Amino acid sequence: MSQQTSSTKRERRDAARAERLERERAAVAAAQRKRRLTMLAGALAAAAVIVVVAVLVSSGGGGGKKTAAGGGAVVGAAATQQLLAGIPQQGLTLGNAGAPVTIVEFVDPQCPYCRDYSVNELPTVIQQQVRTGKAKLELRMLHFIGPDSTTAARALTAAGMQNKLFNAAEVLYHNQGEENSGYVTDAYLRRILGAVPGLDVNRAMQDASSTTVTEELGTAQTAQSRYGVGGTPTILVGPTGGTLKADGEQTPTAVGIAKLVDAAAAQKA
Amino acid sequence: MIDRRLRLAGVVLAVLGIGVATYLTVVHYAGLEAVCNIAHGCHKVQSSKYAELAGVPVAVLGLAGYAGILGALVVDGEVGRLAAAVMALAGFGFSMYLTYRELATIDAICQWCVLSAILMTLLAVVTVWRLLVVAPRELVAT
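From a predicted model like this one, the values you see are computed outputs, not experimental measurements.

Caption draft 1: Molecular detail of the overall build of chain A. Each helix and strand in chain A was counted, giving 10 helices and 6 strands. Per-residue burial over chain A gives 39% buried out of 269 residues. Contacts spanning at least 24 positions in sequence make up 78% of the contacts within chain A whose residues lie at least 6 apart.

Caption draft 2: Just the interface of chain B and chain A, in detail. Between chain B and chain A, the residue contacts involve 30 residues of the former and 31 residues of the latter. Of all the elements in the fold, those that place two or more residues in the side of chain B that touches chain A are α2 (42-47), α4 (78-106) and α5 (111-133) of chain B. With 10 residues, α4(B) is the single largest residue contributor to the side of chain B that touches chain A. Residue classes in the side of chain B that touches chain A are distributed as 19 nonpolar, 7 polar and 4 charged.

Caption draft 3: Examining the nonpolar core more closely. Counting 59 residues, the largest nonpolar core has Ile103(A), Ala155(A), Leu156(A), Ala159(A), Ala168(A), Ile192(A) and Val237(A) as its most contacted members. Ranked by the residues each element gives to this core, the list is headed by helix α6 (residues 165-174) of chain A, at 7 residues. Once residues within four sequence positions are removed from consideration, Leu156(A) is found in contact with Pro109(A), Met141(A), Leu165(A), Ala168(A), Ala169(A) and Leu172(A). Ranked by size, the runner-up nonpolar core spans 44 residues in total, among them Ala54(A), Ala51(B), Tyr66(B) and Ala124(B).

Caption draft 4: Looking closely at the sheet that holds strand β2 (residues 93-94) of chain A. A sheet is described by the order of its strands in space; here 6 strands give the open sequence β1-β2-β4-β3-β5-β6 (chain A), paired in mixed fashion. Both edges of this open sheet fall to β1 (89-90) and β6 (245-246) of chain A, since each of them pairs with a single strand only.

Caption draft 5: Fine view of the packing of α4(B) against α5(B). Residues and elements named next belong to chain B. Put simply, α4 and α5 touch, their axes get as near as 8 Å, and they point 150° apart. One element, α4, and the other, α5, form an angle in the roughly antiparallel class. Judged by the sense of rotation from one axis to the other, the crossing of α4 with α5 is left-handed. Touching Arg81, Leu82, Ala84, Ala85, Ala88, Leu89, Gly91, Phe92, Ser95, Leu98, Thr99 and Glu102 of α4 are Cys113, Ser116, Ala117, Met120, Thr121, Leu123, Ala124, Thr127, Val128, Arg130 and Leu131, all from α5. Broken down by class, the residue content of the contact of α4 with α5 amounts to 14 nonpolar, 6 polar and 3 charged.

Caption draft 6: Up close: the packing of helix α2 (residues 77-84) of chain A against α6(A). All names here are of chain A. Their axes nearest at 9 Å, the elements α2 and α6 cross at an angle of 145°. As for the relative orientation of α2 and α6, their crossing is right-handed in sense. Facing Ala77, Thr80, Leu83 and Leu84 of α2, the residues of α6 in contact are Phe166, Asn167, Glu170 and Val171. Looking at side-chain class alone, the contact of α2 with α6 contains 5 nonpolar, 2 polar and 1 charged residues.

Caption draft 7: Examining helix α10 (residues 254-268) of chain A more closely. All names here are of chain A. For α10, spanning 15 residues, the distance from its first C-alpha to its last is 21 Å, which sits close to the expected 21 Å at 1.5 Å a residue. Ile257, Leu260, Val261 and Ala264 are the residues of α10 that are buried. Buried residues of α10, viewed axially, fall in a sector of 105°; they line one side. The exposed set on the far side of α10, more than 90 degrees from its buried face, consists of Val255 and Ala266. Considering only its buried residues, α10 is in contact with β3 (101-107), α4 (122-130), β4 (135-141), β5 (234-239) and β6.

Caption draft 8: Representation of the pairing of β3(A) in the model. Residues and elements named next belong to chain A. Taking burial as the measure, the 7 residues of β3 include 7 buried ones, the bulk of the element. A two-sided burial pattern is seen for β3, the buried positions comprising Val101, Ile103, Glu105 and Val107 on one face and Thr102, Val104 and Phe106 on the other. Across 6 bridges, the pairing between β3 and β5 is antiparallel. Following the sheet pairing, Glu105 is matched in β5 by Ile235.

Caption draft 9: Broad picture of unusual backbone geometry. Residue and element names in this part refer to chain A. Geometrically, the link from Thr232 to Pro233 is a cis peptide bond, its omega value of -5° lying close to zero. Within the element layout of this structure, Pro233 appears in the loop between α9 (211-226) and β5. Positive phi, close to 60°, is recorded for Asn163, a residue that is not glycine. Along the chain, the position of Asn163 falls in the loop between α5 (147-160) and α6. C-beta crowding within 10 Å serves as the criterion here: with 17 such atoms nearby, Asn163 is assigned to the partly exposed category. At Asn180, a residue that is not glycine, the phi angle is positive and equals roughly 50°. Of note, Asn180 is situated in the loop between α6 and α7 (186-194).

About the cut-offs
Residues numbered from 1 in each chain as written. Chains lettered and ligands numbered in written order. Predicted model: local features only at pLDDT ≥ 70, side-chain atom pairs only at ≥ 80, totals over all residues. Helix = DSSP H or I, 4+ residues; strand = E, 2+ residues; numbered from the N terminus. Buried ≥ 20, exposed ≤ 12 C-beta atoms within 10 Å, placed from the backbone. Contact = placed C-beta atoms within 7 Å. Nonpolar A, V, L, I, M, F, W, Y, C, P; charged D, E, K, R; others polar. Core = buried A, V, L, I, M, F, W, Y, C linked by C-beta atoms within 7 Å. Pairing = 2+ DSSP bridges. Axes fitted to C-alpha atoms, helices over the stretch in contact; angles between N-to-C directions. Parallel < 35°, antiparallel > 145°, perpendicular 65-115°, else oblique. Left-handed = near helix turned anticlockwise from the far one by under 90°. Expected span 1.5 Å × (residues − 1). Arc of directions from axis to C-beta.

What follows is the structure, encoded as structure tokens:
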């Protein structure tokens, strides 16, 4: 009887111990689960913050100067007028037709790097190379980024038919909008072209859909293939009538182009 | 055992990602055109404003991201697992945003970017899985 009682006692004690261990295991498992979920929530929150900041920076959210593309005023018209005043223009060419060196630029109206180059480097190139008569500049308009590129390229090429290509292109770059956002409307183009003194806007808008413009853009694409132009902006420099050499810089600079112009001039001499 | 397998899978994916990002970085700085014989949209994508973030090429950011994930995978413990998951999830989120931009804004697909997005997605899965499966050391039952 006493042995039976002792055995039952031990069984009860063992059962209580097993129950306690089970409770402890469950508590640890619950704590682990909670800890893991907290870590996952923390990781998700931290990642979300990083992504939101990156997206805001990437999409250029906040703050910048409002241009014609965003419904603001047309900017850069006066500076462009001042930059190009007195320099002869003929179709796609800026500068003295008899200049010993030719600089060819391949650009897309929507390309942001072309905008940076046009606004930050081109003025120096024009002042140092074109205005001085050392080189002439040819602009080849590509339109691979999207429909807005095509519409803008057609209007700019039409401005070239009135020998105002460089004025129109420079003003457009100052007022470039969000890629493929549909900002290149007739109204936008009229405002850009309207900021170019001496340009007949109605005629340019009409010419933009002409076969002459289509052929000109086709010629630019042919030249692109011929010279193996893989991106924009691409700058080629060479002695006029001679072989053109590509500017090897990642982003074209006035300094790099000046070196190529000097080398081409020496070749010509 | 499962931690070791997941970590190994993560290391392999991160190394592949470093390869892709290194190639795109070299292409960017050398001014070359990326080999693009499937979708033919690499040039268009790389010429867009989304190819850079605050002036830094996205390829360089990708390279730094993959290298960071690889480094975190090598570190033992909770901090390493957490850091790897945060970086992979952030990379995944930003890859999704860039893919959306390719489809909706740029209207072109760059095969290298797609490959990178796939690698980052797999890395996010692996690192989160690791975070959920491996028990926090100080709470392991004895």
